[in-house]
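Summary of the model geometry
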Amino acid sequence: MGKEISVDCIRDPLGTVDSLFNSATCSVNSTSQLARWDWGVKDYFEKFLLQQGNYAQVPEINSTPLSAIPANTLVRFRGMVQDMFENEFYVGCYKSGEGLRTTKYTDSVTPDFCRPGRDSVELWERRILYCVPVPGENQWVKEVLASSAETGECSVSRRSSSPGSQAEKRQRDEGGSNIDMDVDINNGSTDESSEAKRRREEASTSWREEKTGWDLNFPLGETSFRAMPLRPCILKVYDSAESQIMLNDVIEFIGILTFDPELSASSFVKSEAELDSFMESNVCSRLPQSQVPRIHCVTLRKLTPNNMVSVLPELQKKQAEILATPGSVKHLRDTVLKGLAGVLKGDLLAAEYLLLHLLSQIHKRLDTMVLGPVSLKIVIAPSPENSTLPSEIAQAVRALLPCSYMMPLSCEGLNKAPWAPRKDYEQNRLATGVLQLAAGTHLTVDLTSMTEGKLNATGVQNLCTLKKMMQFQTVDYDFKYHPVEMSTDVSVLVTSNGARSFLPSDICVVHVPSASCSSPFDEKDLGNLRLYLGAVRNLAYNQGTSLNEVLENDLVEASRSGGNMTVETYHRWLTLARLQTISHGETELRIEHWRKTREMERLRMDRIPSKGC
Amino acid sequence: MEDPPPSPPHAISDGPSSPLSDAGEPTSSQGRRRRGESSERRRRSVSRASSQGNPSSPLDFGTPQGTPNYGGFNSNLGTPFTPRNRNTPLYNANRLSSGLRRRSRQPPISPGGSQAPSSDGGEPALGAQQLVWGTNICVEDVERAVERFIKYYREKPEDLEAKYMKLLEQIINEELITLNIDARDLWNSDEDLYVKMVRYPLEILAIFDIQIAKMEKPIADAINPTFDKHIQVRFHNLKESMHMRDLNPSDIEKMVSVKGMIIRCSAIIPEIKEALFKCLVCGHSPLPVPVERGLVDEPTRCPREECAARNSMSLIHNRCRFADKQLVRLQETPDAIPEGETPHTVSLCMYDTLVDAAKPGDRVEVTGIFRAMAVRLGPAQRTLKSLYRTYIDCLHLKKQDKSRMQAEDPFEKDKENDYFSPFPESNFTTEDSDAQVEKIRELSQLPDIYERLTRSLAPSIWELEDIKKGLLCQLFGGSAKKLQSGASFRGDINVLLVGDPGTSKSQLLQYVHKLAPRGIYTSGRGSSAVGLTAYVAKDPETKEMVLESGALVLSDRGICCIDEFDKMSDNARSMLHEVMEQQTVSVAKSGIIASLNARTSVLACANPSGSRYNPRLSVIDNIHLPPTLLSRFDLIYLVLDKPDEQNDRRLARHLVALHFLNPEVHVHEGLDLPTLTAYISYSRHHCHPKLSDEAAEDLINGYVAMRRKGNFPGSSKKVITATPRQLESIIRLSEALARMRLSDVVERRDAAEALRLMDVALQQSATDHATGTIDMDLITTGVSASERTRRSNLVSAIRNMIAEKLQAGSSSLRAPQLLEEMRKESTGDISLNDIRNALSTLAVEGYISIQGDTIRRV
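Looking at an unreviewed UniProt entry, one finds chain B named DNA replication licensing factor MCM4, with Riccia sorocarpa as its source organism. The annotation that UniProt attaches to chain B under Subcellular location (unreviewed entry) is "Nucleus". Its UniProt record, at the heading Subunit (unreviewed entry), says of chain B: "Component of the MCM2-7 complex."

The name recorded for chain A in an unreviewed UniProt entry is Mini-chromosome maintenance complex-binding protein, from Riccia sorocarpa. Database annotation for chain A, UniProt heading Subcellular location (unreviewed entry): "Nucleus".

Here you go:
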């Protein structure tokens, strides 16, 4: 039964659903009860996935070509929730003949549904999400999580209800879209009518002429992986509490891929589309299925950048090992420092700060401020050998963190489009912006390449948004009549030429290259380093009360000795001390770490020219 | 709305849509409206009994598979009740009666299934009782209940006339067509009927309509015989209002009420109701054909016997009857959006009088019937998608400009202005809001409510108790008064925070800005005068110049937080003069001359010139703000950073705790943020304290004492003396304090506390660092007390000396001489300047006269 189930679950999940549904109908008295629970579908699939090797066999949307995945099979998709559409009411189950049938987890309409005189139709609700591939996700994450899926190449068994040539149709369509978007009529031979019809429709749809980047709403632009353009997905989620999924969450969905030629054919009829666009505002009908697959989600799991790396069980084990052996943590820490110092041309102090910055995330939100994120500014002396330094730093970050993005600041970039997402009421979608990023993404803003120019209103607005994000970790989404504040958790690294700049960074380190140069990162170490970083970020920091005395005394001492001690400085020291502790893999603050932090701060302040930031 | 032509009572459109073709589509709600004679009722019951078991009873499974008519969108999928029927006068009659008659035509034998779904609630007895489809609601009982309600319902027992009979008369007099029934009244009088109405709105509304029509006839005959409009019944103000997110499939076909904000309105769509045809051959026009479900039954043969031509009818579109329809999208109110989600929307269908009743951006409460309809895959296909579209059939629209907890505000001048209420609106049900109000009242009775409120304000900011108290007063605000003469006194309190950098001033500002969302946070440096008040912009849609509100106008009825106040340009600052006192902004530019309301409180934060506050100079010299502007601030706080070990230790402890402990530990016994905002909102709108006599006495005494201090000899020119403005400030403060306790009377302790707050605020800015004592004079006069005593001593010494040395009318004395003499006599260090000041004081007294350097005794 084991092998059979596994094939069934991946290749024919709807069959599993049906059988579970049938057993459920026997056990309930009235059909209305069927709406309230999922008949054990979710548990069943989860159990199945936990079994050895099954998870790896499920194909992933953005690492295997869409054409290779037949319809109505189980797939995986990892993405960030970019937009939430209205809840859909759909026909949940209906009586057909003798028994009840369900259309949960499908989009399509089975033929016997259309017959007039059907009875007892029940309406259920489901939630529609629009997810894009995680913006800024680095290549290595994709590799790690995708490589296991490749082994699960699906063969061509299809579900009987949809026409058999469906996969071929889609394949041809796939080929058409990959080749320069031309209507490739030569390919379509069998089932000419619907195929050609679809091609005609797709050629005539206007969205192709638009900038696809915007229409598909990728915050950071389109990217590709293994020569395939990354696709967003429309997710239909059942039976989940509304509060479980929030905007900008990174979630891994496992569900059933559906593709229904009947639906796609109808959705491009223009007249209906016009009326639809207002009354129904069904965005789904404007996104063709070949570009944006629809997945009916069976189970989902939230990911954070900290545990994205260790999604796979073997990686999880490795991570636990690293944490368990104290020597390994120290060793890895030193390796990271050496590597970073190599990138930074031997500046150890800056490397320390960079490491602490990479480990920072939001610890707590108070009423008016945020504790935890440490935004760093590295001041680079403007000289020819330093001109590539910002990009090298960004590259190092890219190799270490799961999600990062480098953004050189320029007038065109600022003036072009608003960075904060805004709601487009015409299309009833959330038009994305650069700053719609998942929690834990790292942003490098490069000011060294700025040139002279004039900012218009959009540019000024974007700068204000960026500043607000750095200070308060919130971004205002523009809903035309009112702004909606969304909280973010993005660490920002600024590289600039001067100590003073208009972006408010917490810590400003002047880069001083030293004579002794160490080498940059070694490829084979990177795997462990990534696990190390992910692991220590997750450590539950718990400050014992033993050190309170010392801390207080220090703070009092410092304020008495003059200088402008502000509340922010105190907070910064405490945060840095915390980061220092977890970077050593420990959970309790020790006096050495505190002293080290103070020392680092002193050195850093010394470096800053007197006029400083 | 003009009357449609009365339809002939027996015109039966039996034509194309034969009953049998309807067999496939269960229509749950068709034909429930009944007008007309009771005989029809009996016929209906007959046909109902013969209904064939057809698809679903809608009640069990929620949805009929029916579509209403969407302009142009043909659907043949069985009809639910198209809402237009209700709104079109007299049209219902046609449709209904035609529907009825069609059914009644069928002999009981023929199944003609048509419109009877299998009824769940029991078979109707033939001829005796009529039941509503699919339920066991007896129609006659409901009719009687409705009649009882309308005829006899009185709001208060001592009313003479029934409320709705009075309304009916009024409507008939004024020739209106809508009767708005408050659903609460229905609930109060007949709960059962209310429940039925919410669950089966269409049927009950039909019954209401019929009853009203019956009842209006005698009244109309009596008052206004020409009245022949059909009065529509609209319900509003349902007992509970739902969140848009909670609309789920079980609410279909029920009456719901949702609140939201309108974001889009479509253009007006005309929907054809009656089609007029004309025969091309003979020119004969048969009677208008009612349009059902989007299908127009074109007669295939000309009805005139002489002609009888086939397929010769053509539609004359400008003699057809249309009704207005509009599609509107409603979005959740901003504060109902849960954290981390995008707002939900729902579509509305508005008909006839509701069209254009609201425009995008309005906050409304909508009462209507929630419906779902299936969609076809394509206009030419019969197959259905498994999706259903949902929308709300709008019955009644109410624009909201007040929050639920708001009482009538007599000074609320512009009702259409408010997008936001001053503090967050809550989507409560009545029970919830009652419970909340109870809780708030309980809280207000606590003896230490004042301290609690202070503790709960910005708990993460350390100390600064008195400043927090001042901010609390600002949040609560005094009461605005308007005299008969037209002068009005503002109720808003303005606060200025001055101090050294790094003392959490900006954090306080941020916190207050968060607490009072209808406020703007600007930085002085970045604001221009124009941006603060109002500016002229080009409207992208109409391409005209329109006035856009600036920061101060946008924070009308809120708090405007201005940071870096001293860095503001003088231009901008001069704007503030008017706003702070008159509470209006006058604009005269680009041909637009207007005076906008800006009833805001200003919370400003300034840094002293030079990086630290120089205690040796007076307040005015430290911050370069003109004293006129300073006097408009009710409270001026000085936040100094004094190195003090105890303080620092406590601060350090607080910070360390913030980082590592759970933040909730802090606010022990304090209110959390939502309660705080609810408390403030409630008290602002429900509590308008008045001064009691003793409190007034105390205030007057305090004010006089303050004045006396300012009136001192030797004071320099630039002083802040206590002006009547200060008295008003104290009054406002005491009112705010009384409001905190939800008391209607300002008591003595409030007055005392207000005086104390005023003192503290001034004291902080008036600490005399030289002597280490608190000297209020430093801010009011610019001169410290020690200095003052010195001067007064000098004056008396000089007076004595002049009394000795000079006689009236005799020779004069020269000032340097006097200086010598004084130096000899007294020990202190006297300068010529001091002598001159003292002499001028004496001259004012009239004791001497001075010319240049010579002193002459008078």
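Picking up after the structure, the text goes on.
Another point: the overall build of chain A. Of the regular secondary structure elements, chain A holds 21 helices and 20 strands. Residues counted as buried form 58% of the 613 residues belonging to chain A. Pairs at least 24 apart in sequence give 79% of the contacts found in chain A among residues at least 6 apart. Total accessible area computed for chain A in this model is approximately 24,600 Å², and 53% of it derives from carbon and sulfur atoms.

With that settled, consider the pairing of strand β4 (residues 269–275) of chain B. All names here are of chain B. Looking at chain direction, β4 and strand β8 (residues 321–331) are connected through five bridges and run antiparallel. Bridge pairing links isoleucine 272 to phenylalanine 322 in β8. Looking at chain direction, β4 and strand β6 (residues 289–290) are connected through two bridges and run antiparallel. From the neighbouring strand, alanine 275 faces β6, where its bridge partner is valine 289.

A few words now on the sheet that holds strand β21 (residues 601–606) of chain B. Hydrogen bonds between backbone groups are what pair the strands of a sheet, and the pairing can be parallel or antiparallel. All names here are of chain B. Strand order in this open sheet of five strands is β15-β18-β21-β14-β22, and the pairing throughout is parallel. Each edge of the open sheet carries a strand with a single partner, namely β15 (520–523) and β22 (635–639). Within the sheet, the average angular offset between the axes of one strand and its neighbour, ignoring direction, is 15°. Across the sheet, helix α12 (residues 465–476) touches β14 (495–499), β18 (559–563), β21 and β22, and the angle it forms with β22 is around 150°.

This paragraph deals with the pattern of salt bridges. Under the defined criterion, the tally for this structure stands at 38 salt bridges over all chains. It is possible to trace a salt-bridge network through shared partners that takes in Glu60, Arg78, Glu137 and Lys142 of chain A.

Within the secondary structure, aspartate 83 of chain A is located in strand β1 (residues 74–84). The side chain of aspartate 83 of chain A is buried and forms no salt bridge, while arginine 429 of chain A, the nearest opposite charge, is found at 4.8 Å. A polar atom in the side chain of aspartate 83 of chain A sits 2.9 Å from the backbone nitrogen of leucine 430 of chain A. Filtering out sequence-adjacent residues up to four positions away, aspartate 83 of chain A remains in contact with Leu129, Tyr130, Leu247, Arg429 and Leu430 of chain A together with Thr342 of chain B.

It is worth spelling out the packing of helix α26 (residues 815–825) of chain B against helix α27 (residues 832–845) of chain B at this point. Residues and elements named next belong to chain B. As a packed pair, α26 and α27 sit with axes 10 Å apart at the nearest point and diverge in direction by 110°. Our classification of the angle between α26 and α27 gives roughly perpendicular. Where α26 abuts α27, its residues Ala815, Leu818, Leu819 and Met822 lie against Leu832, Ile835 and Leu839. Residue composition of the contact of α26 with α27, by class: seven nonpolar, no polar and no charged.

Before going further, it helps to spend a moment on the confidence of the model for chain A. Residue and element names in this part refer to chain A. Overall, the prediction assigns chain A a mean pLDDT of 73, with 74% of residues at 70 or greater. Of all the helices and strands in chain A, helix α6 (residues 166–178) carries the lowest mean pLDDT, 38, while strand β16 (residues 442–446) carries the highest, 90. Counted against residues more than four places away or in other chains, residues 149–214, with its pLDDT under 50, gives 99 contacts.

This structure, assessed with the given rule, holds seven aromatic pairs over all chains. On the numbers, 6.0 Å between centres and 80° between planes, the contact of phenylalanine 89 of chain A with phenylalanine 370 of chain B is edge-to-face. Here phenylalanine 89 of chain A is found in strand β2 (residues 88–96), whereas its partner phenylalanine 370 of chain B is found in strand β10 (residues 363–376) on a different chain. With relative accessibility at 3%, the residue phenylalanine 89 of chain A sits in the buried group. You can call phenylalanine 370 of chain B buried: its relative accessible area is 1%.

Turning next to the sheet that holds strand β19 (residues 491–496) of chain A. Residues and elements named next belong to chain A. Here we have five strands laid out as an open sheet, ordered β13-β16-β19-β12-β20, and parallel in their pairing. A single partner strand is all that each edge strand has here, and the edge strands are β13 (404–408) and β20 (507–510). Strand-to-strand twist in this sheet, taken as the mean axis angle between neighbours without regard to direction, amounts to 20°. When strand β12 (residues 376–379) meets β19, the two strands line up parallel, connected through four bridges. Residue pairing for β19: valine 379 is matched across the bridge by serine 496.

What counts and what doesn't
Residues numbered from 1 in each chain as written. Chains lettered and ligands numbered in written order. Predicted model: local features only at pLDDT ≥ 70, side-chain atom pairs only at ≥ 80, totals over all residues. Heavy atoms only, no water. UniProt positions renumbered as here; feature names shortened; annotations may be inferred. Helix = DSSP H or I, 4+ residues; strand = E, 2+ residues; numbered from the N terminus. Buried < 20%, exposed > 50% of the residue type's maximum accessible area, 1.4 Å probe, protein only. Contact = heavy atoms within 4.5 Å. Areas by Shrake-Rupley, 256 points an atom, 1.4 Å probe, with all protein chains shown as cover. Pairing = 2+ DSSP bridges. Axes fitted to C-alpha atoms, helices over the stretch in contact; angles between N-to-C directions. Salt bridge = Lys/Arg side-chain N within 4 Å of Asp/Glu carboxyl O. Lys, Arg positive; Asp, Glu negative; His and termini not counted. Polar contact = N/O pair within 3.5 Å; in protein donor to acceptor, adjacent residues only side chain to side chain. Parallel < 35°, antiparallel > 145°, perpendicular 65-115°, else oblique. Nonpolar A, V, L, I, M, F, W, Y, C, P; charged D, E, K, R; others polar. pLDDT = per-residue confidence, 0-100. Phe/Tyr/Trp six-rings, centres within 6.5 Å; stacked < 30°, edge-to-face > 60°.

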